[in-house]
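# Descriptive structure summary
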Amino acid sequence: MVCLGNICRSPLAEGILQHKANVAGLKWKIDSAGTANYHVGEMPHHLSQKVALINGIDISYQRGRQFCKEDMLEFDKIYAMDTTNYAEIKRISKDAFDENKVDLLLNELYPGKNLNVPDLWYGTEEGYHTVFALLNDACEKVISKYAGTKIK
Ligand code: 4NP
């Protein structure tokens, strides 16, 4: 799960998908990263943590890190929160970029629409709840699409 800062959106997406995978008994390793390095080593935004916890998910263990080229090789599937993140993933990955692995997360919910998960950086708590619901629906689709399959 990749966003810009790895502090608001992608930590929520990581926490939600890891939680759903665990509950489904899937041995999936979910991670998240930011395309920028502004928040490396930091905990998720306090409102991301708060809204996750209200929904029964603890994301306080996460620490910000920057997306790197090696991630393109290590992970089977990479989801960008918005189209700018997608372009940055492509730029950072250089010759390792594999377009079959990378998609916008919301294309799982609204195929082909290329919609962005709204940036919450200057948002209110209400926005975090809205984005949580959106990410929750998208992650549910990911589980139903890939559970029982080998992603390649
Ligand atoms: P995120 O949100 O990409 O969802 O983690 C942001 C976090 C930090 C900044 C922008 C967006 N920033 O400009 O520092």
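One can find the structure itself at the top, above this paragraph.
Chains are numbered independently. Their residues run from 1 in the order of the written sequence. This being a predicted model, a pLDDT of at least 70 is required before a residue's local features are given, and a value of 80 or more before pairs of side-chain atoms are given or counted; all residues contribute to the totals for chains, interfaces and linings. To obtain the side-chain values, all non-hydrogen atoms of the structure were used and water was disregarded.

## A few points about helix H4 (residues 83-93)
Classification of residues uses two cut-offs on accessible area relative to the type maximum, computed with a 1.4 Å probe and protein chains only: under 20% is buried, over 50% is exposed, and between them is partly exposed. Under the scheme used here, helices are H or I runs from DSSP no shorter than 4 residues and strands are E runs no shorter than 2 residues, and both carry numbers assigned from the N terminus. All of the buried residues in H4 are Asn-85, Ile-89, Ile-92 and Ser-93. One face of H4 carries all of its buried residues, which in axial projection span an arc of 90°. More than 90 degrees from the buried face of H4, the exposed residues found are Thr-84 and Arg-91. Its buried side turned inward, H4 meets strand E1 (2-3), helix H1 (9-23), helix H3 (69-74), strand E3 (78-80) and strand E4 (102-104). You can read the cap of H4 off the contacts: a side-chain oxygen lies 3.0 Å from the backbone nitrogen of Thr-84, and it is on Asp-82. Regarding the arc, it is the one traced by the directions from the helix axis to the C-beta atoms. Contacts between residues were defined by any pair of non-hydrogen atoms, one from each residue, lying within 4.5 Å. Residues adjacent in sequence count toward polar contacts only when both atoms are side-chain atoms; beyond that, a polar contact is any pair of N or O atoms within 3.5 Å, and within protein one must be able to donate a hydrogen and the other to accept it.

## A few points about the site of the ligand
We call a residue near a molecule or strand when any one of its heavy atoms sits within 4 Å of it. Taken together, Cys-3, Leu-4, Gly-5, Asn-6, Ile-7, Cys-8, Arg-9, Tyr-38, His-39, Asp-119 and Trp-121 make up all the residues around the ligand. In this structure, an oxygen atom belonging to the ligand sits 3.3 Å away from a main-chain N or O atom of Asn-6. Residue polarity follows a fixed list, in which Ala, Val, Leu, Ile, Met, Phe, Trp, Tyr, Cys and Pro are nonpolar, Asp, Glu, Lys and Arg are charged, and the others, Gly among them, are polar. In terms of residue class, the shell around the ligand is made up of six nonpolar, three polar and two charged.

## Structural notes on the packing of H1 against helix H5 (residues 125-146)
As a packed pair, H1 and H5 sit with axes 9 Å apart at the nearest point and diverge in direction by 45°. Classed by the angle they form, the pair H1 and H5 counts as oblique. Crossing of H1 against H5: the hand is right-handed. The residues of H5 that touch H1, namely those facing Arg-9, Leu-12, Ala-13, Ile-16, Leu-17, Lys-20 and Ala-21, are Val-131, Phe-132, Leu-135, Asn-136, Cys-139, Glu-140, Val-142 and Ile-143. Of the residues belonging to the contact of H1 with H5, the class tally is 11 nonpolar, one polar and three charged. Angles run from 0 to 180 degrees between N-to-C directions of axes, and those axes are lines fitted to C-alpha atoms, restricted for helices to the stretch in contact. These descriptions rest on fixed angle ranges, namely under 35 degrees for roughly parallel, over 145 for roughly antiparallel, 65 to 115 for roughly perpendicular, and the rest for oblique. Two helices cross in a left-handed way if the nearer one is turned anticlockwise from the farther one by less than a right angle. They cross in a right-handed way if the turn is clockwise.

## Remarks on the environment of Glu-125
For Glu-125, the location among the structural elements is in helix H5. With a relative accessible area of 26%, Glu-125 lands in the partly exposed category. It is 21 Å that separates the C-alpha atoms of Glu-125 and Leu-17, two residues lying 108 residues apart in sequence. Ignoring anything within four residues of it in the chain, the contact list for Glu-125 reads Leu-47, Lys-50, Val-51 and Ile-54.

## Let's talk about H5
Taking 1.5 Å per residue as the helical rise, H5 with its 22 residues ought to reach 32 Å, and the 31 Å between its terminal C-alpha atoms agrees with that figure. All of the buried residues in H5 are Tyr-128, Val-131, Phe-132, Leu-135, Ala-138, Cys-139, Val-142, Ile-143 and Tyr-146. When H5 is viewed along its axis, its buried side chains cluster within an angular range of 145° and face the same direction. Of the exposed residues in H5, the ones pointing more than 90 degrees away from its buried face are Glu-126, Thr-130 and Ser-144. On its buried face, H5 is in contact with H1, helix H2 (46-54) and E3. Downstream of H5 by one or two residues, Gly-148 has phi in the positive range, about 85°. Expected span of a helix, by definition, is 1.5 Å for each gap between consecutive residues, and there is one gap fewer than residues.

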